[in-house]
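Letter by letter, the chains look like this.
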Amino acid sequence: MEAGVEIYSCYEAGRDGFWLHRYLVSCGIKNVVVDSASIEVNRRYRRAKTDRIDAGKLLQMLIRDISGERKVWSVVRVPSIEQEDARRTNRERDRMLKNVPVTLTG
């Protein structure tokens, strides 16, 4: 990265955890993890939600945030690696239990 150049990025919080955020920050990139429920959605496009529409909206909102506009979106608090690992066990257990076939007898 060239000296004096700031790089900003953002993405929606999801099931993949926060490894990407930690990597981007370690590379000197100013990253924001955003709560997906706080991303503005044009009602006209509500049914046609696509990655292209989402990316465009995220870019507009990132520019507004960098420009100093307040309350553009809700930023997710990134947990420590230990906190994230502690939650992973329960999430994996819940995921596995959802995939167990149920056998009815009687």
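Residues numbered from 1 in each chain as written. Predicted model: local features only at pLDDT ≥ 70, side-chain atom pairs only at ≥ 80, totals over all residues. Heavy atoms only, no water.

Undergrad: Help me out: how do you make sense of the overall build of the protein in this one?
TA: Helix and strand content of the protein: three helices and two strands. Going from N to C terminus, the protein has its helices and strands arranged as β-α-β-α-α. Here the protein holds 106 residues, and the buried ones make up 21% of them. Of the contacts formed within the protein by residues at least 6 apart in sequence, a portion of 49% connects residues at least 24 apart. Summed over all atoms, the accessible surface of the protein reaches about 8800 Å², with 53% contributed by carbon and sulfur. (Helix = DSSP H or I, 4+ residues; strand = E, 2+ residues; numbered from the N terminus. Buried < 20%, exposed > 50% of the residue type's maximum accessible area, 1.4 Å probe, protein only. Contact = heavy atoms within 4.5 Å. Areas by Shrake-Rupley, 256 points an atom, 1.4 Å probe, with all protein chains shown as cover.)

Undergrad: Looking at this structure, I do not really get the pattern of salt bridges. What am I missing?
TA: Side-chain pairs of opposite charge can arise whenever the charged atoms involved come near each other. The full count for this structure, using the stated rule, is three salt bridges. A salt bridge links Glu84 to Arg22; its shortest N-O distance comes to 2.7 Å. In this pair, Glu84 is assigned in helix α3 (residues 81-98) and Arg22 in helix α1 (residues 19-26), connecting sequence segments 62 residues apart. With a relative accessible area of 23%, Arg22 lands in the partly exposed category. One salt bridge in this structure joins Glu69 and Arg64, with 2.8 Å as the shortest N-O distance. A relative accessible area of 36% means that Glu69 is categorised as partly exposed. (Salt bridge = Lys/Arg side-chain N within 4 Å of Asp/Glu carboxyl O.)

Undergrad: Can you help me understand the pairing of strand β2 (residues 30-34) in this one?
TA: Each regular strand displays side chains that alternate between the two surfaces of the sheet. Counted residue by residue, β2 has four buried out of five residues, so it is predominantly covered. Where strand β1 (residues 8-12) meets β2, five bridges bridge the pair, whose relative direction is parallel. Residue pairing in the sheet places Tyr11 in a bridge with Val33 of β2. Taken together, β1, α1 and β2 constitute a β-α-β crossover, and its handedness is right-handed. (Pairing = 2+ DSSP bridges. Right-handed = clockwise from strand over helix to strand, strands pointing away.)

Undergrad: Got a minute to help me understand a nonpolar patch on the surface in this structure?
TA: A surface patch of nonpolar side chains, amounting to about 350 Å² of accessible area, comprises Trp19, Leu20 and Tyr23. With respect to the secondary-structure elements, Leu20 resides in helix α1. Judged by its relative accessible area of 30%, Leu20 is partly exposed. (Patch = residues over 30% accessible without salt bridge, like charges linked within 9 Å, V, L, I, M, F, W, Y side chains within 5 Å.)

Undergrad: Would you mind showing me how to read the nonpolar core here?
TA: Soluble, globular proteins show a tendency: their nonpolar side chains are buried together. Cys10, Val32, Val34, Ile39, Leu58, Met61, Leu62, Val72 and Trp73 together form the largest nonpolar core, which totals nine residues. Among the secondary structure elements, those contributing two or more residues to this core are β2 and α2 (51-66). Counting residues per element, this core draws most heavily on α2, which supplies three residues. The residues touching Trp73, leaving out its near neighbours within four places in the chain, are Cys10, Val32, Val34, Ser38, Leu58, Met61, Leu62 and Asp65. (Core = buried A, V, L, I, M, F, W, Y, C linked by side-chain atoms within 4.5 Å.)

Undergrad: Looking at this structure, how should I read the side chain of Glu84?
TA: A residue is classified by how much of its surface remains accessible, and Glu84, at 8% relative accessible area, is buried. Contact partners of Glu84, with chain neighbours within four places excluded, come to Gly17, Phe18, Arg22 and Pro79.

Read these as layout, nothing more, since geometry by itself doesn't imply function.
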